[in-house]
Amino acid sequence: MTPAPHDAPTGTDTQTLASPAAIRHDWTLDEIEALFALPFNDLLFRAQQVHRDHFDPNAVQVSTLLSIKTGACPEDCKYCPQSGHYNTGLGREKLLEVEKVVAQARAAKDAGASRFCMGAAWKSPREKDLDVVLEMVARVKALGLETCMTLGMVDAGQAGRLAEAGLDYYNHNLDTSPEFYGEIITTRTYADRLATLGHVRDAGMKVCSGGILGMGEAPRDRAALLQQLTRLEPHPESVPINMLVKVPGTPLEDVEDLDPIAFIRAIAVARILMPASHVRLSAGREQMDDATQALAFLAGANSIFYGDQLLTTGNPRAERDRALFARLGLHPERRDTCVDDARARARVENELEADFARRAARQAAARAEALAYDATLASGD
């Protein structure tokens with residue numbers, strides 16, 4: 001008898017695969033594909049069991065994302081409108097001023113965000129830009145928000161400086177499977193991405209890493225992407241699962257749409273494989289109806305980006321998110337600030353105040369010197 005399309009392969013112990021208490025780093029590709037092949041109702045039920053074992057099932061972590069430097073990226077990622085290789089009509093913008101970033105972070109906090117994410121279209125940050133970025137981190141951290149950055153590749157020294165500035169999370173997605181990766185990106189290797197994640201972890205920061213679905217990959221590639229993420233020890237604390245946003249001018253603008261059910265399956269499998277991680281329903285929400293998003297939350301997604309725009313693509317308006325949360329009985333996850341965080345923020349605030357005082361003193365001295373110079377000129381006439 002031919003098995004139904006979503007029957008688990010014969011001989012696979014799916015009860016063991018879906019054990020709510022299991023946190024593993026040795027998942028085989030066959031085991032992960034077996035999860036993907038479960039009947040949809042069984043898969044969601046088991047993902048929900050795992051989710052409830054580790055999280056409040058009705059709490060969703062809310063982040064806001066700001067592009068701090070847009071366009072002209074030297075990478076050739078086929079999905080990205082910021083790549084300098086493609087004509088997408090996106091203008092090139094310089095690195096934002098620190099005060100503008102802080103104002104956006106303050107507004108995000110007032111709107112209910114607990115984490116503020118900042119992204120720059122770089123292959124890796126230059127030294128002069130990194131100094132500005134470090135100040136952004138310190139200033140946003142001082143507001144009481146969790147901080148996240150995505151700046152491209154970073155080496156051990158750069159990761160260490162970001163951690164010292166107070167950066168909580170560093171985002172660096174794997175994007176897809178190692179096998180399919182070369183079809184999407186040629187300017188940075190998979191090993192480069194893994195090396196950056198290693199530097200981030202060694203520096204003591206939390207890892208945010210996931211991928212993009214719907215780029216023309218095979219189902220096995222989705223399983224292989226999740227396998228790579230589970231091999232990271234510990235698992236990434238945040239796992240963004242993105243639905244491709246097809247941007248005109250990019251090589252993937254005409255790729256076939258991914259079945260929403262296949263996308264929900266990936267959310268559920270990610271939840272089972274990485275039980276203690278926040279699984280983020282990320283890019284592509286603008287194209288999803290409320291029912292699809294509700295299924296994603298049921299499958300174990302418990303993090304979203306909040307606001308009208310991601311880096312350069314649309315995102316559901318805040319009012320729509322609030323209405324959806326109310327209909328589903330969801331609420332923003334509350335961040336418990338520990339004493340160490342409070343002390344860290346106080347230290348940063350003290351350092352900033354001292355820095356401002358030094359600047360003010362220098363400016364006052366410069367003004368006094370200018371006035372004295374003018375007076376001397378006047379007496380000599």
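All values derive from a computational prediction rather than experimental measurement.

Another point: the confidence of the model for the protein chain. Chain-level statistics for the protein chain give a pLDDT mean of 80 and a share of 75% at 70 or above. The low-confidence segment residues 308–315 (pLDDT under 50) makes 28 contacts with residues lying over four places distant or belonging to another chain. Of the regions scoring below 50 in pLDDT, residues 336–352 engages in 15 contacts with residues more than four places distant in sequence or in other chains.

As a further point, take the environment of Asn-41. The residue Asn-41 is located in helix α3 (residues 40–54) in this model. Residue class for Asn-41 comes out exposed when judged on its relative accessible area of 63%. Here the alpha-carbon distance between Asn-41 and Ala-299, two residues 258 residues apart in the chain, equals 10.0 Å.

What follows concerns unusual backbone geometry. In this structure, the amide linkage connecting Glu-233 to the following residue, Pro-234, adopts the cis form with an omega of -5 degrees. Along the polypeptide, Pro-234 turns up in the loop between α9 (219–231) and β7 (238–243). With a phi close to 75 degrees, Asp-175 is a non-glycine residue in the positive phi region. The topology assignment puts Asp-175 in the loop between β4 (169–171) and α7 (178–181).

Applying the stated criterion across every chain, the model contains 17 salt bridges. A salt bridge links Glu-33 to Arg-220; the shortest N-O distance between them is 2.5 Å. Placement of the pair is Glu-33 in helix α2 (residues 29–36) and Arg-220 in helix α9, with a sequence separation of 187 residues. Look at Glu-33 and you get partly exposed, because its relative accessible area is 25%. Owing to a relative accessible area of 42%, Arg-220 belongs among the partly exposed residues under this scheme. Via salt bridges that share partners, Arg-24, Asp-26 and Glu-31 belong to a single interconnected network.

Moving on: helix α8 (residues 190–202). Between its first and last C-alpha, α8 extends 19 Å over 13 residues, near the 18 Å set by a 1.5 Å rise per residue. Backbone geometry just downstream of α8 places Gly-204 in the positive-phi region, at approximately 95 degrees.

Conventions adopted
- Residues numbered from 1 in each chain as written.
- Predicted model: local features only at pLDDT ≥ 70, side-chain atom pairs only at ≥ 80, totals over all residues.
- Heavy atoms only, no water.
- pLDDT = per-residue confidence, 0-100.
- Contact = heavy atoms within 4.5 Å.
- Helix = DSSP H or I, 4+ residues; strand = E, 2+ residues; numbered from the N terminus.
- Buried < 20%, exposed > 50% of the residue type's maximum accessible area, 1.4 Å probe, protein only.
- Salt bridge = Lys/Arg side-chain N within 4 Å of Asp/Glu carboxyl O.
- Expected span 1.5 Å × (residues − 1).

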